[in-house]
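# Tertiary structure, described
Here is how the chains run, residue by residue.
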Amino acid sequence: MKKIKTIFFVAVLGVILLFIPGFFLSSAIINKASANSNLKAINNDSIAKNDTIIELAGHQLPVLKGGMFDRFHSNSPLSVVAEERPDIDLSWFKTLHKEKKDVGFITYSPNFYYSNSSITAIYTADMSKIKELLPAEVNELVKPISYTPGRGLIAITSYAYHFCDNDSYNELSISIVTTKPNKSNWGLISLMGEVNDKSLWGYVLKLPVNTELARVRGKVGYNLPKWLIPIDYNTDGNNVTFTYYDEKGNLDFSMTGKKLEVTNSIPEINRSNFINLNTKGQLTHGYSDVRAIKKATSKKAEDIQFNLSDGPLSAFIKSLELKKLVRYDYQPEFQAALYTPELVTENNK
């Protein structure tokens, strides 16, 4: 009888430990978008007055005339950056070395992002849906982290790249949080291990951008799911708001994050790894090193909100069944170095 009671106690304790991480999380705040659906013009055939046309990977692209990419094609001299933006600290970039790469076009890796902002929300999501979205080939290498039974993790980030080798643009990233390659899935323990190593892993599901240059470079050179939509970025008042439209210019959804108080100003470098498939169905691994200059974190659901409509991105987010906020990151100033993906082989798995 004593042995049975012990087994029962251990079983109950195990169940509690499995579910307890979710008990202390706040419910995600997801609202219905306003009926006001302002139309945003989007026409890739027209050229703005300050644009010029270049050829890249067989595509004719409008880029900023005399901009960083027009002049240097992702190999911008730091001396020029320093002249044009003397307010930016370039000390980190001086420690990095660029290599010439052919990824369907000639580029230089890593790509430098000198001054940027972002807001990120990590939510628990329906694990069965996550498994449907993760390609079988990718699932053989990495696994979606199970936060609690039946719940995985989805990271949604809005980026504003103010000044980079690709000039400036905005972007949305929706990703599955995964284990490291060929590692067991120990749920919260696996996640904390990655956080401790300052090296997170994921699979990118959606990555729309608002410039043709960013779309073509990302799709051809980085095997990323990019397409072109209008994206607004607003920092008025106490919040940061990114507003996304569909390919016809209709309002899709908005993501609004609170401007948190930044108390730690010591720069910290973390790595974001992404596993995906190239056009030949081969596994590739790319990563971005992110130097956080100003960053604050919250677990309060009211600090980050979504306003969803019936648009395509809204419908996709709804299908993920987001429930609990794990963490909200407010990053008003960061720098990044994005490396081109390499084929995953038996030697580098």
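Residues numbered from 1 in each chain as written. Predicted model: local features only at pLDDT ≥ 70, side-chain atom pairs only at ≥ 80, totals over all residues. Heavy atoms only, no water.

### Examining the overall build of the protein
- When its secondary structure is counted, the protein shows eight helices and 17 strands.
- Burial status across the protein gives 49% buried among its 349 residues.
- Partitioning the intrachain contacts of the protein with sequence separation of at least 6 by distance along the chain shows that 70% fall at a separation of at least 24.
- Within the structure as shown, the protein displays about 17400 Å² of accessible surface, and the carbon and sulfur contribution to it stands at 52%. (Helix = DSSP H or I, 4+ residues; strand = E, 2+ residues; numbered from the N terminus. Buried < 20%, exposed > 50% of the residue type's maximum accessible area, 1.4 Å probe, protein only. Contact = heavy atoms within 4.5 Å. Areas by Shrake-Rupley, 256 points an atom, 1.4 Å probe, with all protein chains shown as cover.)

### Quick word on the packing of aromatic side chains
- Inspection of the entire model under this criterion finds 16 aromatic pairs.
- Between the aromatic rings of tyrosine 113 and tyrosine 169, the centroid separation amounts to 6.4 Å while the plane-to-plane angle is 65°, which identifies the pairing as edge-to-face. Of this pair, tyrosine 113 sits in strand E7 (residues 111-126) while tyrosine 169 sits in strand E9 (residues 167-178), and the two are 56 residues apart along the sequence.
- Look at tyrosine 113 and you get buried, because its relative accessible area is 5%.
- By way of ring pairs, the aromatic residues Tyr123, Tyr233, Phe242, Tyr244, Phe253 and Phe306 are connected into one cluster.
- Seen from the ring of phenylalanine 163, arginine 85 lies directly overhead, with NZ or CZ sitting 5.4 Å from the centre. (Phe/Tyr/Trp six-rings, centres within 6.5 Å; stacked < 30°, edge-to-face > 60°. Lys NZ or Arg CZ within 6 Å of the ring centre and 35° of its normal.)

### Let's talk about the environment of isoleucine 30
- With respect to the element layout, isoleucine 30 can be found in strand E2 (residues 29-32).
- The class of isoleucine 30 is partly exposed, set by a relative accessible area of 34%.
- Once the C-alpha coordinates of isoleucine 30 and alanine 301 are considered, the two residues, 271 residues apart in sequence, prove to be 9.8 Å apart.
- Contacts of isoleucine 30, omitting those with residues within four sequence positions, involve Phe306, Leu308 and Leu322.

### A short note on the confidence of the model for the protein
- Per-residue pLDDT for the protein averages 90, and the proportion of residues at 70 or more is 88%.
- With pLDDT under 50 throughout, residues 5-18 is counted as low confidence; its partners more than four residues away or in other chains account for three contacts. (pLDDT = per-residue confidence, 0-100.)

### Here we look at helix H8 (residues 312-319)
- Leu313, Ser314, Phe316 and Ile317 are the residues of H8 that are buried. Considered in projection along H8, the buried side chains sweep an arc of 160° and stay on one side of the axis.
- Buried residues belonging to H8 abut helix H4 (127-133), E9, strand E10 (199-206), strand E12 (239-245), strand E13 (251-258) and strand E16 (304-308).
- Among the residues trailing H8, glutamate 321 stands out with phi positive, at a value near 55°. (Arc of directions from axis to C-beta.)

### Side note on a nonpolar patch on the surface
- Taken together, the side chains of Leu188, Met192 and Val195 present a nonpolar region at the surface, about 230 Å² in accessible area.
- With respect to the helices and strands, leucine 188 occurs in helix H6 (residues 188-197).
- By relative accessible area, which is 31% here, leucine 188 ends up partly exposed. (Patch = residues over 30% accessible without salt bridge, like charges linked within 9 Å, V, L, I, M, F, W, Y side chains within 5 Å. Salt bridge = Lys/Arg side-chain N within 4 Å of Asp/Glu carboxyl O.)

### Description of the pairing of strand E11 (residues 231-234)
- Direction of pairing for E11 relative to E12: antiparallel, over a ladder of four bridges. Looking at the pairing, asparagine 234 lines up with threonine 241 of E12.
- Between E11 and the antiparallel strand that follows it, E12, lie four residues; glycine 237 among them carries a positive phi value of about 70°. (Pairing = 2+ DSSP bridges.)

### Some thoughts on the nonpolar core
- By size, the foremost hydrophobic cluster in this structure holds 42 residues, and its most contacted members are Ile154, Ile174 and Phe253.
- By residue number, the principal contributor to this core is E7, which donates four residues.
- Look past the residues within four positions of phenylalanine 253 in its chain and what remains in contact with it is Leu172, Phe242, Thr243, Tyr244, Phe306, Asn307, Leu308, Leu313, Ser314 and Ile317.
- In terms of nonpolar packing, the next biggest core, distinct from the first, is built from 15 residues, Val209, Ala214, Val290 and Leu338 among them. (Core = buried A, V, L, I, M, F, W, Y, C linked by side-chain atoms within 4.5 Å.)

### Re the side chain of aspartate 329
- By the secondary structure assignment, aspartate 329 is in strand E17 (residues 324-343).
- Polar side-chain contacts of aspartate 329 include one of 3.0 Å to the side chain of arginine 327.
- Excluding residues within four positions of it along the chain, aspartate 329 makes contact with Ser118, Ile119, Thr120, Lys295, Ala296 and Thr297. (Polar contact = N/O pair within 3.5 Å; in protein donor to acceptor, adjacent residues only side chain to side chain.)

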